[in-house]
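Each chain, letter by letter, is given below.
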Amino acid sequence: MIRFLLYCCFFMGPFVMQGQQRPNILFIFSDDHDADAISAYNKTLISTPGIDRLAREGMKFNNHFVSNAICAPARATILTGKFSHMNGHKDNRTAFDTSQYLFPRQLQQAGYQTALIGKWHLQTLPAGFDHWEILPGQGQYYKPRFIGMKNDTITYPNAYATTLTTEKAKTWLDNRERSKPFMLMVNHKAPHRNWWPEYKHAVHFSKFRIPEPPTLYADTAGKGKAYRDQEMRILDDMSLCIDLKIDPSFLENIPQLKASAKEAKDYQSMMAAIPEELRKKFIALYAERGETLRRLKPTGKELLKWKYQWYMQDYLACIASVDESVGALLNYLDSTGLAENTLVIYSSDQGFYLGENGWFDKRFMYDVSMQSPLLMKWKGRIKPGTVNNDLTQNIDIAPTILDVAGEHIPSEIQGISLKQYMMGKTPPTKRTSLYYHYYEFPVDHHVYPHLGIRTKKYKLVYFYTIGEWEMYDLQKDPTEKNNIYSDPAYKSLVPELKKQLIERRSFYKDTEPAGELN
Ligand code: SGN
Ligand code: CA
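Residues numbered from 1 in each chain as written. Chains lettered and ligands numbered in written order. Predicted model: local features only at pLDDT ≥ 70, side-chain atom pairs only at ≥ 80, totals over all residues. Heavy atoms only, no water.

### Considering the pairing of strand β10 (residues 374-378)
Part 1 of the argument: With 5 of 5 residues buried, β10 lies mostly within the body of the structure.
Part 2 of the argument: Residue alternation in β10 divides its side chains into two sets, Leu374, Met376 and Trp378 and Leu375 and Lys377, and both sets are buried.
Part 3 of the argument: As paired elements, strand β2 (residues 59-61) and β10 share 3 bridges and run antiparallel to each other. Bridge assignment links Phe61 to a residue of β10, and that residue is Leu374.
Part 4 of the argument: Relative to β10, strand β9 (residues 342-348) runs antiparallel, the two sharing 5 bridges. (Buried < 20%, exposed > 50% of the residue type's maximum accessible area, 1.4 Å probe, protein only. Helix = DSSP H or I, 4+ residues; strand = E, 2+ residues; numbered from the N terminus. Pairing = 2+ DSSP bridges.)

### Observations concerning the pairing of strand β15 (residues 458-463)
Part 1 of the argument: Taken across its 6 residues, β15 has 6 buried, putting it largely inside the fold.
Part 2 of the argument: Here strand β14 (residues 450-455) hands over to β15 after 2 residues, the two strands then running antiparallel side by side.
Part 3 of the argument: Judged from the 6 bridges that link them, β15 and strand β16 (residues 468-473) form a sheet pairing that is antiparallel. Among the inter-strand pairings, Tyr462 is bridged to a residue of β16, identified as Trp469.
Part 4 of the argument: If you look at the hairpin formed by β15 and β16, you'll find 4 residues sitting between the two strands, and Gly467 has a positive phi there, around 60 degrees.

### Overview of the sheet that holds strand β13 (residues 433-438)
Part 1 of the argument: Pairing in this open sheet of 4 strands is antiparallel, and the strands run β13-β14-β15-β16 from one edge to the other. Edge strands, defined here as strands with exactly one partner in the open sheet, are β13 and β16. Strand-to-strand twist across the sheet, computed as the mean angle between neighbouring axes with direction ignored, equals 10 degrees.
Part 2 of the argument: Here β13 pairs with β14 via 6 bridges, running antiparallel. Bridging across to β14, Leu434 finds its partner in Arg454.
Part 3 of the argument: Lying over the sheet, helix α16 (residues 493-507) contacts β13, β14, β15 and β16, oriented at roughly 110 degrees with respect to β14. (Axes fitted to C-alpha atoms, helices over the stretch in contact; angles between N-to-C directions. Contact = heavy atoms within 4.5 Å.)

### Here we look at the site of ligand 1
Part 1 of the argument: By nearness alone, 15 residues border ligand 1, and Cys71, Gln138, Asp361, Arg363 and His445 come closest of all.
Part 2 of the argument: One nitrogen or oxygen atom from the side chain of His192 is found 3.0 Å from an oxygen atom belonging to ligand 1.
Part 3 of the argument: Note that an oxygen atom of ligand 1 is positioned 3.1 Å from one of the side-chain N or O atoms of Asp444.
Part 4 of the argument: Of the residues belonging to the shell around ligand 1, the class tally is 2 nonpolar, 5 polar and 8 charged. (Near = heavy atom within 4 Å. Polar contact = N/O pair within 3.5 Å; in protein donor to acceptor, adjacent residues only side chain to side chain. Nonpolar A, V, L, I, M, F, W, Y, C, P; charged D, E, K, R; others polar.)

### Some remarks on the coordination of the calcium ion (ligand 2)
Part 1 of the argument: Listed as protein donors to the calcium ion (ligand 2) are Asp31 (OD), Asp32 (OD) and Asp349 (OD); their distances from the metal cover 2.0 to 2.3 Å.
Part 2 of the argument: Donor residues for the calcium ion (ligand 2), ordered by position in the chain, follow D-D-x316-D. Asp32 carries the same exposure label as Asp31, and that label is buried. (Donors = N, O, S within 2.8 Å, 3.2 Å for Na, K, Ca; no water.)

### Things to note about the domain arrangement of the protein chain
Part 1 of the argument: Looking at the assigned domains, one finds that the protein chain contains domain 1 (27-195 + 336-423), domain 2 (199-210 + 218-312) and domain 3 (449-507).
Part 2 of the argument: Here the C-alpha centre of domain 2 lies 30 Å away from the C-alpha centre of domain 1.
Part 3 of the argument: Between domain 1 and domain 2, the residue contacts involve 21 residues of the former and 26 residues of the latter.
Part 4 of the argument: Buried area between domain 1 and domain 2, summed over both chains or domains, comes out near 2000 Å², and the portion from carbon and sulfur atoms is 64%. (Domains from an automatic or database assignment. Buried area = accessible area lost by both parts, 1.4 Å probe.)

### Concerning the nonpolar core
If you look at soluble globular proteins, the nonpolar side chains tend to sit buried side by side.
Part 1 of the argument: Membership of the largest hydrophobic core comes to 81 residues, with the highest contact counts inside it found for Leu184, Tyr311 and Tyr315.
Part 2 of the argument: Ranked by the residues each element gives to this core, the list is headed by helix α12 (residues 300-336), at 18 residues.
Part 3 of the argument: Beyond its immediate chain neighbours, meaning those up to four positions away, Tyr311 contacts Trp195, Ile234, Met238, Leu244, Phe352, Tyr353, Leu354, Gly355 and Phe360.
Part 4 of the argument: By size, the runner-up hydrophobic cluster in this structure holds 41 residues, among which are Ile25, Phe29, Phe129 and Tyr421. (Core = buried A, V, L, I, M, F, W, Y, C linked by side-chain atoms within 4.5 Å.)

### Here's the deal with the pattern of salt bridges
Part 1 of the argument: Counting across every chain of the model gives 35 salt bridges.
Part 2 of the argument: Between Asp334 and Arg53 there is a salt bridge; the shortest N-O distance is 2.9 Å. Of this pair, Asp334 sits in helix α12 while Arg53 sits in helix α2 (residues 49-57), and the two are 281 residues apart along the sequence.
Part 3 of the argument: Look at Asp334 and you get partly exposed, because its relative accessible area is 38%.
Part 4 of the argument: Using a relative accessible area of 14% as the deciding quantity, one classes Arg53 as buried.
Part 5 of the argument: For Arg289, the salt bridge goes to Asp314, with nearest N and O atoms at 2.9 Å. Placement of Arg289 in helix α11 (residues 276-296) and of Asp314 in helix α12 is noted, with a sequence separation of 25 residues between them.
Part 6 of the argument: Several salt bridges share partner residues, and in doing so they unite Asp32, Arg93, Asp361, Lys362, Arg363, Glu440 and Asp444 into one network. (Salt bridge = Lys/Arg side-chain N within 4 Å of Asp/Glu carboxyl O.)

Written as structure tokens, this is what we have:
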């Protein structure tokens, strides 16, 4: 008998170690999905039953943040477990160096079957995956194109990106090599600008009156230069025709709203990309917006009020499709029995302004954009309905997945494994602050480069190209309205936080900008 068991261990061992015993990983990543637009985090705006299942059956992270709140850098950080200054991907324009360390490649070498479907956005082609199908650049909601591994591009004239990405994920799962565990990344394009929803959801949300955030009409008086100079105002920087899909003909006789020739032309080519039958329906649906403008000719706050409603209707409608996708993938795992041994993670590249300060977009180290949703489900391992309030960051995703897969975490990775948190345990040393560094300037929204640290209580931010410091008391002022950097009541805290910032910079080896931070 013993001899038989030894025999089994010897011959079956590698199979069991490299085979079904190791958990599968399904990583679902959306684009610009703010946590406030997930009902597990905030019930004000939308109901997301699919994503909420992860919170109910697993763990929700309440203090998850990113290290550089912009798309491609966030993706590079997920793949490497490193800050932008270490993986070289500081902005959306760099070509990603895939010859560097990538966690999917490590998993692949360790016997995992790895795949990525959806948005990639890193200029060079993916590496470290057995299978990939990516949207070119930002991708298109309608008539999406996918680039395959043979560098072949296929256009899907009648498809919608979110549903097609989900179908492709399921097809890959159906056809995967079953002797190996898998790590599948499903990267949705949605709900990125310019927020083209599925028609059924657009109709549903067109009937909604979305609650306004308290700071929608915020005044910039008394605010710093970085805050004032950004170009992410719903009122001034969001296009009626392109972002809110209003036919320029409605604006013809309203001098203050009239579309430029370029905008009118862009509108026509945008509409031409929508399948014809659907285009007619959308034109009819969005005519109500145009008629409202023609009737009211709103300006200032009145115009902002309407723009906010239409922006949010489309944004939330895009999320409804993402939520259905998450629901469908969870059902797939259930019906195939895979749910028993699969860690499911849902996250987004960063947060997004949903009208706070009158803004859209991200980039800033302010909590709205620095925070990102993070939810995980792992049957039998993560206790259902649990919440984690520790400071976690997107550099932690790679080491967490490696740890769950039973893999060694290379010392070059800058994040920590969250596995202990997931198991409800407190690791021996807790992180007390998070480091942040944003670079891309002046495109697209004129946000000055900045860096800083966030503790549970305070945030210190330095816009180093304009020499401006900001500091916030997050407990007293969670919406970061009052810059307390020069407030005498906080005088002793400034050097203390600066010391922590310098320590974090040295710990994470960030040497830019050179010299002292004064
Ligand atoms: C586009 C958007 C911007 C957005 C960037 C980056 N403009 O340029 O609003 O900040 O992408 O987004 S758009 O008019 O083309 O929609 S990111 O998600 O890739 O970082
Ligand atoms: Ca994004």
